[in-house]
Every structure is written in structure tokens, then in C-alpha cells.
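Overview (structure and organization)
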Amino acid sequence: MSQQIYLDHAATTPVAAQALEAMIPYCRKLYGNPSSSYALAQDSRQAVEEARDVIAGAIGAKSHEIYFTAGGTESDNWAVKMSVFMQKQDGEAKPNASEKKHLITTKIEHHAILHACEWMEQQGYEVTYLPVDEQGVVSVRRLKEAIRPDTACISIMYANNEVGTIQPIREIGAIAAEHGIPFHTDAVQAFCQIPIDVKEQKISLLSASSHKCYGPKGVGFLYIDEQYGMPPFMHGGAQERQMRAGTENVPGIVGFAKAVAICQENMEERMQRERALRDYLIRRILTEIPYVRLNGYAKNRLPGNANFCFQFVEGEHLLVLLDMDGICASAGSACTTGSSEPSHVLTAMGLPRDLANGALRLTLGAHTTKDEIDVTVEAIKRHVEQLRSTSSWYLEFTGEQPKCM
Ligand SMILES: *Cc1c(COP(=O)(O)O)cnc(C)c1O
């Protein structure tokens, strides 16, 4: 392969060089188990606590509100499955946990939330899946209508991983607070990409993942507002103040924190740069290729996200051709690749199945260049034209004769 153009940063990101460097000592000399008592272990323990401070600072939380996990999926599962047992730590009479039988989420969540919610339904809980509009924005009015006296938690993602739409988090947080219901947000895509302040936005629980923001895979965190008590998800040792058992992934946590520190330092500049490149990409695709639709909000979307539907084209076919050019892209989320089902996000946004099947997601990153965008646009133009020229559906539509292959 002569070139590699990586435009799938929503699936994962490369580890930042400085993050990797920060991790190495904790694999080599400083390998102590943070729970042990000798000096070697203290170095590990201190590194984990310093990492916790950095990460808490990135979302306006207190250090003791951050619990390290094995990633976004674990944090989401913890939040969904244990939120029905959450209780305010205010000393007032506690409702019996079993009285809280209802959860609210949306139709466009990541499968880590959706499949956890489906499991909760099988255990006898009720879940309301809020609809979204054609831009992928959840309806605040429908949220208000869905709230019940036995609602245990509202879980609404911060920004969508497929179409990049950013949800009205501040408004949702205010509504949840007004009703005294904990508010969880899956911020895996938003964390380190756009500013977050859990206190201002009244977020009670927040999930994030290291490998989506230039840290290593297999590490993430759940923020739990200190106002609330919640049971652990993993039982075992006394790590993470008895809230998440299991020996800490010290190198992973250290690398994660280093990646976060870099992201926080240059966030404004990175957002501007990615937005400009993304808008250039969107403009070129929409003006140079006919029968294309941009999915999601034009403005209120993640800086690096572009998601299109090419009419008369199978997204999967386009991906194969792009891959042959060394261009990494995605049809929707990484998790739906390989299945022929159209994206649940695009379907929830009201796109017909045939259009949803022509989806292509391009997600830019900190190192994406204009040259890479130009090469990609040219490749997409070429492949879309070629795929359409052999599509009977397209030819019927335009009244053209099929081209000889
Ligand atoms: C990637 C992703 C997850 C899962 O995170 P992992 O760390 O890969 O388990 C959850 N939610 C969203 C929105 C994601 O993009």
C-alpha cells in the first residue's frame, strides 16, 4: 500500500507519542502494584492519583469523583445497570431501590448503552427510547413527557458517534436536576474534542474512553457526582476506593492522562483546524458529487465528523474501494461493520433504508491534512461515479444506458 489516509478517528485514534513515552517507565522499572506497601508500589499509586487529577480537571470534576475502568463500554454498562440503585447522599430517607423501575435513553445511543438497556428490560425494568429529529437531536419536550416518579436515570449521549450531532446537554441536565433524577451522558466522542463542565451542565455520571482521544486502548473512566452513592459494578479488591475492583491499568491510566493533558492544552486550536478542514470536505463533497446528503447538523456537530449518504451507492462497496486506495473510513459505527443492517442512528433520523445503506462516515483527527482530504474527495468522486454507472437503480433514475464493464 503506497499511502495510508486515516479518516476513522471516531473508531479509534493513534496513541500520541508523548503518551506512549509516559507509559513505558510503568511497564519497565515502575511496575509495582499500586496496592502494595513498598516504595516501588508508591510510585505507581502516585502516578494513578496524578492521572486522576488531570482527568478530573478536564471536565471540572473533583478527583475523587473519577473511577478508572477498562473503557467506554464498561463505564456505560456500570452507569446503566447500577444507576437504578443510585441514592442521594443527603441523609434523607432513601427510597427502596426496587421502586425505581424506569430508565430513559435515546434511540441513537452506542450499543454499549442500547444493549445494556435491552438487558435491563429483560430483568423487568422499563426503558423509554426517546426519538430524535432528522438532524439527530433528541427532543427535550419528549424527554419531559417521559419522566415518571419511578425514573431512576436519564442516559443521553453527549455527541453521536456516527453523525456527530451534539445534544442539548445543558438543557437536559437542568431538566434532570429539576426532577431530582441522575443524568448520565456517554461522552466518549465528545471528551477532549469539545469543552465539558460536569458541574455547570449538571451531569451526574459521565463515561469516557482513552483510545478515542489519543490514549491507549482498554482504559476509560466513569465520573460519579459525589452527591450520589452508587454500587460498584466489579466486585473484588479494594481498588478505586472499593468502587472498581481489579489491579489498576497503571501504564494505561498514565498514558490516558498524558493524552488528555495534550488534548486540553491545544483543544481550541485543534477544534478550529478540524472544523475548517471538515467544512472544506463537506463543501467539496456536496458541490462536486450529485445526489449526496449530509447527515446530522451542519454546524452543531463534532469538529472532526462528516457523514454522508450517497444515493444509489452501497456504503459497504464504497468502503472496499476506498480501502484499496489506502483510505480508512467507515459506513457508520465500527460496531455495525460486517452487518448489512442499516445504521440504527440514520434509521432513527428518518432516513429510508436504501439511503441509509449509502452512508459514509469520515472522521478527521489532529494530524489530518488538506492534502489527505483532497486525495480522499477525488477517490470518492471516482468510486461513486463508477458504482453508479453499474447500478440499474441509478440508470433507471437518470434514463442512461448501462456502460460496458
Ligand atoms: C467507542 C465508543 C464507546 C465504547 O468505548 P470503548 O472504550 O471502545 O469500549 C461507547 N460509546 C461511544 C459513543 C463510543 O464512540
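Residue indices begin from 1 for each chain and proceed along its sequence in written order. This being a predicted model, a pLDDT of at least 70 is required before a residue's local features are given, and a value of 80 or more before pairs of side-chain atoms are given or counted; all residues contribute to the totals for chains, interfaces and linings. Water and hydrogen atoms were dropped before computing side-chain values, which therefore reflect all heavy atoms in the structure.

1. Considerations on unusual backbone geometry
Among all residues save glycine, negative phi is the norm, and among peptide bonds the norm is trans. Backbone geometry places C192, a non-glycine residue, at a positive phi of 75°. Only DSSP runs of H or I reaching four residues or more are called helices, and only runs of E reaching two or more are called strands; each is numbered from the N terminus. Along the chain, the position of C192 falls in the loop between strand 7 (183-186) and strand 8 (205-209). Positive phi, close to 65°, is recorded for Q242, a residue that is not glycine. Topologically, Q242 is positioned in helix 7 (residues 239-242).

2. Structural notes on the site of the ligand
We call a residue near a molecule or strand when any one of its heavy atoms sits within 4 Å of it. Close contacts around the ligand come from 13 residues, with T73, D186, Q189, S209 and K212 the closest. One nitrogen or oxygen atom from the side chain of Q189 is found 2.6 Å from an oxygen atom belonging to the ligand. Any N or O atom pair separated by 3.5 Å or less is treated as a polar contact, with the protein-specific requirement of one donor-capable and one acceptor-capable atom, and with residues adjacent in sequence counted only for side-chain atom pairs. Side-chain polar atom of K212 to an oxygen atom of the ligand: 2.8 Å apart, as the coordinates give it. When the ligand is considered free in solution it has 380 Å² of accessible area, and contact with the protein chains removes 87% of it. A per-element tally of the shell around the ligand places helix 3 (residues 72-82) first, with three residues. Of the residues in the shell around the ligand, the class split is two nonpolar, eight polar and three charged. Shrake-Rupley sampling with a 1.4 Å probe provides the accessible areas, and residues are treated as covered by the protein chains on show and by no other component. Following the grouping adopted for this structure description, the nonpolar residues are Ala, Val, Leu, Ile, Met, Phe, Trp, Tyr, Cys and Pro, the charged ones are Asp, Glu, Lys and Arg, and the polar ones are all others, Gly among them.

3. A word on the packing of aromatic side chains
Two rings belonging to Phe, Tyr or Trp (six-membered ring only in the last case) form a pair when the distance between their centres is within 6.5 Å. Interplanar angles under 30 degrees mark stacking, angles over 60 mark edge-to-face geometry, and anything in between is tilted. Summed over all chains, the structure comprises 11 aromatic pairs. Between Y291 and F312 the ring centres are 5.7 Å apart and the planes differ by 85°, which places this aromatic pair in the edge-to-face class. You can see Y291 sitting in the loop between helix 9 (267-288) and strand 11 (292-294) and its partner F312 sitting in the loop between strand 12 (305-310) and helix 10 (315-324), a full 21 residues away along the chain. Three exposure classes are used, based on accessible area relative to the maximum for each residue type with a 1.4 Å probe and protein chains only: buried under 20%, partly exposed in between, and exposed over 50%. Residue class for Y291 comes out partly exposed when judged on its relative accessible area of 36%. Exposure remark for F312: the relative accessible area of 5% places this residue in the buried category.

4. Re the environment of V48
For V48, the location among the structural elements is in helix 2 (residues 39-59). Owing to a relative accessible area of 2%, V48 belongs among the buried residues under this scheme. Between the alpha carbons of V48 and E248 there is a distance of 8.1 Å; along the sequence they are 200 residues apart.

5. Regarding the side chain of S44
Note on placement: S44 falls in helix 2. Ignoring any residue separated from it by four or fewer positions in sequence, one finds S44 in contact with Y26, L30, Y31, G32, P34 and V250. The contact criterion used is simple: two residues touch if any of their non-hydrogen atoms lie within 4.5 Å.

6. Digging into helix 13 (residues 370-389)
Any helix carries an expected span of 1.5 Å times its number of residues minus one. Its 20 residues place the ends of helix 13 29 Å apart at the C-alpha level, agreeing with the 28 Å of an ideal helix rising 1.5 Å per residue. Along helix 13, the positions that sit buried rather than exposed are I373, D374, T376, V377, A379, I380, H383, V384, L387, R388 and S389.

7. Some words on the sheet that holds strand 11
The pairing of strands in a sheet comes from backbone hydrogen bonds and takes either a parallel or an antiparallel form. On the basis of which strands lie adjacent, the open sheet formed by three strands has the order 11-12-14 and antiparallel pairing. Two strands bound the open sheet, and with one partner strand each, they are strand 11 and strand 14 (359-363). Neighbour to neighbour, the strand axes of the sheet diverge by 25° on average, direction disregarded. Any two strands between which DSSP finds at least two bridges are classified as paired. Here strand 11 runs beside strand 12; their pairing, made up of three bridges, is antiparallel. Paired with L294 across the strands is F308, a residue of strand 12. Each axis is a line fitted through C-alpha atoms, taken for helices only over the stretch in contact, and angles between the N-to-C directions span 0 to 180 degrees. Against the sheet, helix 9 engages strand 11, strand 12 and strand 14, with an angle of about 10° to strand 12.

8. Examining the pairing of strand 8
Here strand 8 lies mainly inside the structure; five of its five residues are buried. Here strand 8 shows two buried faces, one formed by L205, S207 and S209 and the other by L206 and A208. Sheet analysis places strand 7 next to strand 8, joined by three bridges and oriented parallel. By the bridge assignment, H184 is partnered in strand 8 with L205. Relative to strand 9 (residues 220-224), strand 8 runs antiparallel, the two sharing five bridges. Its bridge partner lying in strand 9, S209 is registered against G220.

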